[in-house]
Amino acid sequence: MKSWLLSSLLVSAALAVTGCTSNAGNSEPDDAPLIAATAQTEATASGEANAAVIVRHPSDAVRSRIVATAALGGLELYDLAGKRLGSVSAGEVAALDVGYGIALAGGQVDVVAAIDTIHNHLRLFTVDDTSLTEAGARPLPLGFAAEGVCLFRNPLDSALYAFVVGDGGEIDQQMIYATADGKLDARQVRRINVPSPLKQCVADTLGNVYASEEAVGIWRFNADPEADVAARLIDAPRLGHIDEEVGGLALYDGTDGARWLLASDASAGRVNVYDRNREDAFIGAFRVASPRQKQTIGEPGPLFALGSALGGAFPSGLLLVTDEDGANYKMLSFADIAKQLKLAAGPGPAPSGAAANRPAAVTALVETTPVESYGDAADDPAIWAHPSDPAKSLVIATDKKAGLYVYDMQGKVVQFLADGKMNNVDLRNDFMLGGEKVTLVTASNRTDKTIAIYRLDIGKRLLVNVADGPQPTGLGDPYGLCMYRHKDDGRTYVFINGDDTRKRQWELVDAGNGRVRAELVRDMTFDSQTEGCVANDETAALYVDEEDVALWRLSAEPGGGDLKEAVDRVDANTAIKDDLEGMGLYDLGDGRGYLVVSSQGNDSYAVYRREGKQEYLGSFSVVADPIRGIDGISETDGLDVTSRNLGPGFEYGAMIAQDGRNVMPVEKQNYKYVPWETIARALNLEMRGD
C-alpha cells in the first residue's frame, strides 16, 4: 500500500512534472482583464459572506437557486437575480457544496453539504424552491477544525463522497449514504494530511480532487478511495502563477469539451484559469468588478462554478465569487470570461451522477481480519469447500512477508503458519497420500525458494506440512503458482514462475513416508513477466497472465510444450488494463463456466466464457458497502473463484480476492468475499444450480 501522507517537500519535483514555469517571485502582469459581474446577491443579513453554491433546477433553469453562507446567520437562499428568498439556521457555516440527483427515500434529491464550525459538524440539507431542510440522520462530527468541503460522485457506482479539508492540513474523506429511514449518514473512508492549512476543495466527474493549501499551492489527487492518491502540485506561490497564497477553487465544464480549473489568487486580486484538458496548464487570469460601478474586488474569496446553461444572462453557466468586503456574492457569466480570455466556452450538461461504459458494480459480503504485515503483504487466496457442511468451508491465503493464513467464512483467522514469505497458493482435492485421499495445498515460498506442501486436516480444519524436505524451485524468486489435476489418472501438478520469463511444472508424488515430493517435468518460457495462472482440470488447459501483454491458453500436460494461444490481449480490449494478475474458474458443469481475471490497472475483473471461443463477456468492480462498513477492492493481485456452496450468503459460490488498499477505515491489507450471485446478476451470468 502507498502512503497517503503528502509533504511540501514534493513541491520542486511536482512543479517539474506539471510544467509550471517559475516567475522568480514575480506575480502575473497587472494587465489581467477586468470582468464585470452580471449580477450580485443582496448583502447577507449578518454582513458576512464566505461561500456559496448554485443548485440548478432540474427542469427550469431560471428557478435555480443560490445557497450562501452568512456566518452566524446560517444559510441563505437567493434567486438568480440575487434576491434573498429565505434562510435556515445552520450554526456558523464556513463552507458548502452541492451534490445532484442523490437517491433518497425512493427518489432523487439535491444535497447541500455544509461545515458548521460552531459544533464542528458536517451537516446535510435538501433544497426546494424556497427552503432548505436538514436531511442528516445524526450529527456528523469531524474531529478537526474544518475549512472547506467538496462532494464527489464516483462514476463507477454513483456513490457520494464528501471531502472535508481542515486548518491542520487534514483531508477527510467520508462516504455519504441513505439510511433505511430515509435520512443521510456518513462513514469515514480515509484521511490524508498535508503540512499546512487547506482552504477549499473541488471534485470533478473524472475522479480528481483539487485542494488549495494556502501557502503551498494547488494539489490534485485521486478522489477514488480505492486508487492511489497520486498527488500532484498544479501551481505554487512565487514558483508558478500565484502571488502569495491560493484561496478558493472552482471547476467549469462546457459542452464543447472545455474543462477549466479556476483559482482565487487572492493577494494579487485575480482569478487564475487552468486547462484541465492539458494537465492543468495555466491559460490566463482576470480580475472581478462589481456590476455597473466597475469597482474591483480586492481579494476574491471562495469560488463556485456551474457550467450548465442557466438562461438569460448566463447561457454558458456562471461563476460565483465571494466578495467579503461587500458581504455578498458576484455572478459572472462564463461567456464573458471566455470572451475576455479568448477561450472557447459553451453550456455544459446538467449535473449528473451517471457514467457510461463502466464496469458493473458489486459489493463484498465479508472481509477477513487484516494480515499482520505492513505494506503490500496479502496476495493470493485459495478456496476449500467443505464436502458436507458448506458453512465450514475455508479460505487459505498468503501473507507474502510472513506465511499462510486459514480463514473461516466469516473472515476470522483459524490458523496462521509463519513458514516463510508465501506468495501464491492453490489446492486440489483427492490426492492419494499413504493410501487415502487428501486435500493437498501448495504455496510458493520466497524465503527459501521452495514449494511449500501441506495437507488439510479436514476434521481440525488445519494445515499440516507434508513436504518431503525442502522442495527447491530452481527459480531466483518464485511467486506465481497454480495447480492442475488430470481428470482421469489423478496425477497432480504444480506450476510456478519466478521473476524471469520461465514457468516450471512439477508433478507431486507420494514419497512413501506420508510426505510429498515434487519432480520437475517441464519448463516453459514467455517473452515477459508472468504471475497469475489457473488450470482447467476438465480440459487440461492452463491459463497464464503475461502481465503487460495477454491472457494465454496452453496445455497443462507435461508434454504440452510452449505452444500458446491468446484468449485476450491488453492492447486489443479497452476494458482490461495491465497488470493482468489473479485468475479463477467458475464451473457450471458439462464443461461450461466462466474465467475471471484481475485487471489490476483499472481495479476491475474481466469475465470470459470458459468454453468455446472464450469470448469476453463483461467486467465488474467491487465497490464499498457503507451499511456493512466494507470497502471495495483495488489493486488485486490474487483471487480465486468457486461454484461450490460455501454456506449462508454464498450458496452459489464466490469470488475471493486480495484487496490492495483496505480503507473505511485505513488498515493493513486483507481479503474480500463476494457472492457469485451478486456478480451473476450484475452481468447476467449463470449460477450453478440455476
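Residues numbered from 1 in each chain as written. Predicted model: local features only at pLDDT ≥ 70, side-chain atom pairs only at ≥ 80, totals over all residues. Heavy atoms only, no water.

Trainee: How should the state of the cysteines be read in this particular structure?
Mentor: Between two cysteines, a covalent bond joining their sulfur atoms is known as a disulfide. Applying the stated criterion across every chain, the model contains two disulfides. Paired by a disulfide, Cys 150 and Cys 201 hold their sulfur atoms 2.2 Å apart. Note on the Cys 150 and Cys 201 pair: the S-S dihedral is about -110°, so by sign convention the disulfide is left-handed. On the criterion of sequence distance, the pair formed by Cys 150 in strand β12 (residues 146-153) and Cys 201 in strand β16 (residues 198-203) is long-range, its members being 51 residues apart. Cys 201 matches Cys 150 in its accessibility class, with the two residues each being buried. Each sulfur in the disulfide pair Cys 482 and Cys 533 lies 2.2 Å from the other. Here Cys 482 and Cys 533 share a disulfide; its torsion about the S-S bond, -120°, makes the bridge left-handed. With Cys 482 in strand β37 (residues 480-485) and Cys 533 in strand β41 (residues 530-536), this residue pair connects regions lying 51 residues apart in the sequence. (Disulfide = S-S within 2.5 Å. Helix = DSSP H or I, 4+ residues; strand = E, 2+ residues; numbered from the N terminus. Buried < 20%, exposed > 50% of the residue type's maximum accessible area, 1.4 Å probe, protein only.)

Trainee: Is there a simple way to explain the nonpolar core in this structure?
Mentor: Generally speaking, nonpolar side chains in soluble globular proteins are found buried as a group. The biggest cluster of nonpolar side chains holds 33 residues, and the ones touching the most others in it are Val 67, Leu 75, Leu 96, Leu 310, Leu 318 and Leu 320. Breaking this core down by element, the ones donating at least two residues are β3 (52-55), β4 (65-69), β5 (75-78), β7 (93-104), β8 (107-116), β24 (303-306), β25 (318-323) and β26 (328-333). In contact with Val 67, other than residues within four places in its own chain, are Ala 51, Ala 52, Val 53, Val 55, Leu 75, Glu 76, Leu 77, Leu 96, Val 112 and Leu 132. With 29 residues, the next largest nonpolar core counts Phe 495, Leu 551, Leu 554 and Tyr 608 among its residues. (Core = buried A, V, L, I, M, F, W, Y, C linked by side-chain atoms within 4.5 Å. Contact = heavy atoms within 4.5 Å.)

Trainee: Explain the sheet that holds β3 to me, please; I cannot follow it from the model alone.
Mentor: Consider a sheet: its strands pair through backbone hydrogen bonds, and that pairing is either parallel or antiparallel. Within the open sheet, the four strands sit side by side as β3-β4-β5-β6. Their pairing is antiparallel. On the outer flanks of this sheet lie β3 and β6 (84-88), each paired with one strand and no other. Averaged over neighbouring strand pairs, the angle between their axes works out to 20° when direction is ignored. Sheet topology places β3 next to β4; four bridges connect them, and they run antiparallel. Of the residues in β4, the one forming a bridge with Ala 52 is Ala 68. (Pairing = 2+ DSSP bridges. Axes fitted to C-alpha atoms, helices over the stretch in contact; angles between N-to-C directions.)

Trainee: In this structure, what is going on with the packing of aromatic side chains? I would like to understand it.
Mentor: Two aromatic rings, taken as a pair, are described by how far apart their centres are and by the angle between their planes. Scanning the entire structure with this criterion turns up 16 aromatic pairs. Ring geometry for Tyr 252 and Trp 260: centres 4.8 Å apart, planes at 40°, overall tilted. When sorted by exposure, Tyr 252 lands in the same class as Trp 260, which is buried. An aromatic cluster of at least three residues, connected via ring pairs, comprises Tyr 405, Tyr 407, Phe 416 and Tyr 671. The ring of Trp 552 is capped by Lys 564, whose NZ or CZ atom sits 5.3 Å from the centre of that ring. (Phe/Tyr/Trp six-rings, centres within 6.5 Å; stacked < 30°, edge-to-face > 60°. Lys NZ or Arg CZ within 6 Å of the ring centre and 35° of its normal.)

Trainee: Whenever I open this one, helix α3 (residues 676-683) confuses me. Can you help?
Mentor: Since the α-helix advances by 3.6 residues per turn, residues separated by three or four positions end up pointing in the same direction. Here α3 has its buried residues at Trp 676, Ile 679, Ala 680 and Leu 683. The buried side chains of α3 occupy one side of the element, clustering within an arc of 95° when seen end-on. Downstream of α3 by one or two residues, Asn 684 has phi in the positive range, about 60°. (Arc of directions from axis to C-beta.)

Trainee: Any chance you could explain the sheet that holds strand β22 (residues 270-275) here in plain terms?
Mentor: Pairing within the open sheet is mixed, and its five strands lie in the order β1-β23-β22-β21-β20. Edge positions in the sheet fall to β1 (34-36) and β20 (249-253), since each of these pairs with one other strand and no more. Across the sheet, the mean angle separating the axes of adjacent strands is 35° when strand polarity is ignored. Where β22 meets strand β23 (residues 281-289), five bridges bridge the pair, whose relative direction is antiparallel. In the sheet register, Asp 275 faces β23, and the bridge partner there is Ala 281. The strands touched by helix α2 (residues 334-341) are β1, β20, β21 (259-265), β22 and β23; relative to β21, the strand with the most contacts, the crossing angle is about 85°.

Trainee: Even after reading the chapter, I still don't get the confidence of the model for the chain, so can you show me in this structure?
Mentor: Caution applies to low-pLDDT parts of the model: their predicted coordinates are not meant to be read in detail. Overall, the prediction assigns the chain a mean pLDDT of 88, with 91% of residues at 70 or greater. Between residues 1-28, whose pLDDT stays under 50, and residues either more than four places distant or in other chains, the model counts 66 contacts. (pLDDT = per-residue confidence, 0-100.)

Trainee: Just to check I follow, could you spell out the pattern of salt bridges for this structure?
Mentor: A pair can form between side chains of opposite charge whenever their charged atoms are brought close. Under the definition given, this model contains 41 salt bridges. A salt bridge links Arg 259 to Asp 253; the shortest N-O distance between them is 3.5 Å. Through salt bridges with shared partners, a single network forms among Asp 204, Asp 253, Arg 259 and Arg 276. (Salt bridge = Lys/Arg side-chain N within 4 Å of Asp/Glu carboxyl O.)

Trainee: What should I look at first to understand α2 in this one?
Mentor: All of the buried residues in α2 are Phe 334, Ile 337, Ala 338 and Leu 341. For α2, the arc enclosing every buried residue in end-on projection is 95°, short of the 170-degree limit, so these residues lie on one face. Sitting at the head of α2, Ser 333 places a side-chain oxygen 3.1 Å from the backbone nitrogen of Ala 335. Lys 342, located one to two residues past α2, shows a positive phi value of around 55°. (Polar contact = N/O pair within 3.5 Å; in protein donor to acceptor, adjacent residues only side chain to side chain.)

Trainee: Would you explain the pairing of β41 in this entry?
Mentor: When a strand is regular, its side chains alternate between the sheet's two faces. Among the seven residues that make up β41, seven are buried, leaving the element largely enclosed by the rest of the structure. The pairing of β41 with strand β42 (residues 541-546) spans five bridges and is antiparallel. Bridge pairing links Cys 533 to Val 544 in β42. Remark: four residues form the turn of the hairpin made by β41 and β42, two consecutive strands paired antiparallel; Ala 540 in that turn has positive phi of roughly 55°.

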